[in-house]
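Okay, here's what each chain looks like letter by letter:
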Amino acid sequence: MRKIFSSMLIAASLIASGPASADIPPADIKLTPAQIERDVNLAIEAYERIHPGYTRYSDQDTLDAAWQSIIDEATAQNGMTKGEFYVASNRALAMIRCDHTKAELPEDMAERRKTVPVYLPAKWTLIEDRALVEFTNEDSGLQFGDEILAIDGQPIAERIEAVLPLIPYDGKTDFVRTNQAAQSFEFRGGGVDHFGEFLWTANPTADLTIKRGDAEPQMITVDRITHPEWRALGAEAATARNFKDAVTFERIGDNAAYLRVDTFVNYRQPVKPYTLYDPIFKAIKAEKRDTLILDLRNNGGGSDDASNRLIAHLISDKAPLMSDVRVKTLNIDGLRDHLWTWDSRALNPNPLGFTKNDDGTYSMRKLANDNLKALKPDKTAFKGKLIILTSSANSSASTHLMSFLKGQNQDAILIGEQTGGSAQGATAGLLFTLTLPESGIKMRIPMLQQFINVDSFEHGYGMSPDVEVNMTAADFLSGRDPAYERALVEAGQS
């Protein structure tokens, strides 16, 4: 492990961070340079020892400099607030270029979001560099389609640019960050709102400069809302957060079908995936439907069981999803007290489940990981024309599914946008949560590097569509869905 030290830390450590006043927001609690150094050095050790893709896309010197800059900043200003440290941590972690590597709010800061209004009363989306309102409440003064030009006098483009370096992405797919700048479950509302409390003054109200249709820009004052209130906006049309609510099936004409799966997340409210998929594919087979439009545009990934059961309904020959799954180390002594994961076996890996590689990493044996075992086609597996709708919101398991299916079925047609994630395989699968003892900030560390069973891939990228179709602002405002329309043409249903 590389230890990073600062010559001023010994003196700075004598500065006590006395008891916090009940009136001080948790993000404003001041940590000493020594406290920052202890948390940073623990993070360095954990990431260097555990993260299998730590230097996959970034070099060691770049990451060392990123961590050192946090300590330098804390030393120069004689300490750092928890909010400042949280922002700095996300900036450093984003340089690893792994979508599963990020910092989470400590519990006290997360709890505050439930009662303190820091969010704009709108869910907005970024299309053609325009921030367009998608959902809002009746009292906000905003309407669907309003374009937000500025927040409290600052152009929204500047706010987006400020938060992009804090948002993680896989490899070379930095274009996906704009999605999360606007809306994100991971970043509790989207980067602009989520980090806004720390980067700009978050008053109970906000002055918005908006443009409505062809009218001249105008300024309106809106009341900010809490995170639960933000989540409730457009709830009836919001993308499902759990797999049990994420599957939609429709018949198209006499011979085609449409299947939308908005997420593979199946661990918060788990269900058996076959209970959702099997009736659908039985119906498709019984009705002799020979074309399937699979809409994964809202799917950012999730659980292997939900993804793999769908794959079983879409392949003709048995094959493993992954050719290799690796870990960087089997020894996490000294870190265990600071780590949590949903599978406690990962805290004490059994060496019998691994083989050692020449580079010092360890590959999991087939018995230790179901993704290395052959997936068998279901007896109702679809064997007709497969059309998959893609978007830049795809990553992780949804990109893995597309990569594998395209490798198994070259005739499958991808329509839409270039995806995020990694067609080669992400560093994901099982995540550790590292809790930094001084700040309480939580950091995600993936344990596994996954290698999808494909012959070729574009290094650092997800999947490129066979037919590129991008949503325009005019499409959004008029309610058109050009990618779906193109899919209907391919399906012979136009």
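Residues numbered from 1 in each chain as written. Predicted model: local features only at pLDDT ≥ 70, side-chain atom pairs only at ≥ 80, totals over all residues. Heavy atoms only, no water.

## A look at the overall build of the protein chain
Working step 1: Across its full length, the protein chain holds 14 helices and 23 strands.
Working step 2: Oriented by its inertia axes, the alpha-carbon framework of the protein chain measures out at about 75 × 65 × 35 Å.
Working step 3: Split into buried and exposed, the 494 residues of the protein chain put 55% on the buried side.
Working step 4: Accessible area of the protein chain: about 21,700 Å², with a carbon and sulfur share of 48%. (Helix = DSSP H or I, 4+ residues; strand = E, 2+ residues; numbered from the N terminus. Buried < 20%, exposed > 50% of the residue type's maximum accessible area, 1.4 Å probe, protein only. Areas by Shrake-Rupley, 256 points an atom, 1.4 Å probe, with all protein chains shown as cover.)

## Some thoughts on unusual backbone geometry
Note: most residues except glycine have negative phi, and most peptide bonds are trans.
Working step 1: Its identity is not glycine, yet Arg 97 carries a phi of approximately 60°, on the positive side.
Working step 2: For Arg 188, which is not glycine, the phi dihedral falls at a positive 40°.
Working step 3: By the element assignment, Arg 188 lies in the loop between α7 (177–182) and α8 (191–199).
Working step 4: We classify Arg 188 as partly exposed; its relative accessible area is 28%.

## Remarks on the nonpolar core
Working step 1: Formed by 112 residues in total, the largest nonpolar core has its most connected members in Trp 67, Phe 281, Leu 294, Leu 310 and Met 443.
Working step 2: The dominant element in this core, judged by the number of residues it contributes, is helix α2 (residues 33–50), at eight residues.
Working step 3: Ile 415, Ala 483, Ala 487 and Ala 491 belong to the second-largest nonpolar core, a separate cluster that totals 14 residues. (Core = buried A, V, L, I, M, F, W, Y, C linked by side-chain atoms within 4.5 Å.)

## Comments concerning helix α12 (residues 396–408)
Working step 1: Given a rise of 1.5 Å per residue, 13 residues ought to cover 18 Å, and the 18 Å separating the end C-alpha atoms of α12 matches this to within 8%.
Working step 2: Counted residue by residue, α12 has eleven buried out of 13 residues, so it is predominantly covered.
Working step 3: Within α12, the full set of buried residues consists of Ser 396, Ala 397, Ser 398, Thr 399, His 400, Leu 401, Met 402, Ser 403, Phe 404, Leu 405 and Lys 406. (Expected span 1.5 Å × (residues − 1).)

## Points about the confidence of the model for the protein chain
Working step 1: Considering every residue of the protein chain, the mean pLDDT works out to 94; 96% of them sit at 70 or more.
Working step 2: Confidence over residues 1–20 falls short of pLDDT 50; this stretch has 39 contacts with residues more than four positions distant or in other chains. (pLDDT = per-residue confidence, 0-100. Contact = heavy atoms within 4.5 Å.)

## Remarks on the pattern of salt bridges
Working step 1: Following the criterion strictly, the structure yields 31 salt bridges and no others.
Working step 2: Residues Arg 345 and Asp 343 are paired through a salt bridge, measuring 2.8 Å at the closest nitrogen-oxygen approach.
Working step 3: The exposure class assigned to Arg 345 is exposed, which follows from its relative accessible area of 63%.
Working step 4: Between Asp 466 and Lys 406 there is a salt bridge whose closest N-O contact spans 2.9 Å. One end of the pair, Asp 466, is in the loop between β22 (442–452) and β23 (467–468); the other, Lys 406, is in helix α12, and 60 residues separate them in sequence.
Working step 5: Here the salt bridges share partners, and the residues they tie into one network are Lys 102, Glu 104, Glu 186 and Arg 444. (Salt bridge = Lys/Arg side-chain N within 4 Å of Asp/Glu carboxyl O.)

## Considering the packing of aromatic side chains
Working step 1: Inspection of every chain in the model, using the stated rule, returns eight aromatic pairs.
Working step 2: Here Phe 243 and Tyr 277 contribute two aromatic rings whose centre-to-centre distance is 5.5 Å and whose plane-to-plane angle is 55°, an arrangement assigned as tilted. Highlighted residues: Phe 243 in the loop between α9 (227–232) and β10 (247–252) and Tyr 277 in helix α10 (residues 273–286), separated in sequence by 34 residues.
Working step 3: Taking the relative accessible area as the measure of exposure, Phe 243 reaches 0% and is therefore buried. (Phe/Tyr/Trp six-rings, centres within 6.5 Å; stacked < 30°, edge-to-face > 60°.)

## Structural notes on the sheet that holds strand β11 (residues 256–261)
Working step 1: Strands sit in the order β10-β11-β12-β19-β20-β23 across an open sheet of six strands; the sheet is mixed. A strand with exactly one partner marks an edge of an open sheet, and here the two such strands are β10 and β23.
Working step 2: Where strand β20 (residues 413–416) lies against β23, two bridges are found, and the strand directions are parallel. Bridge pairing in β23 places Ile 415 opposite Val 467. (Pairing = 2+ DSSP bridges.)

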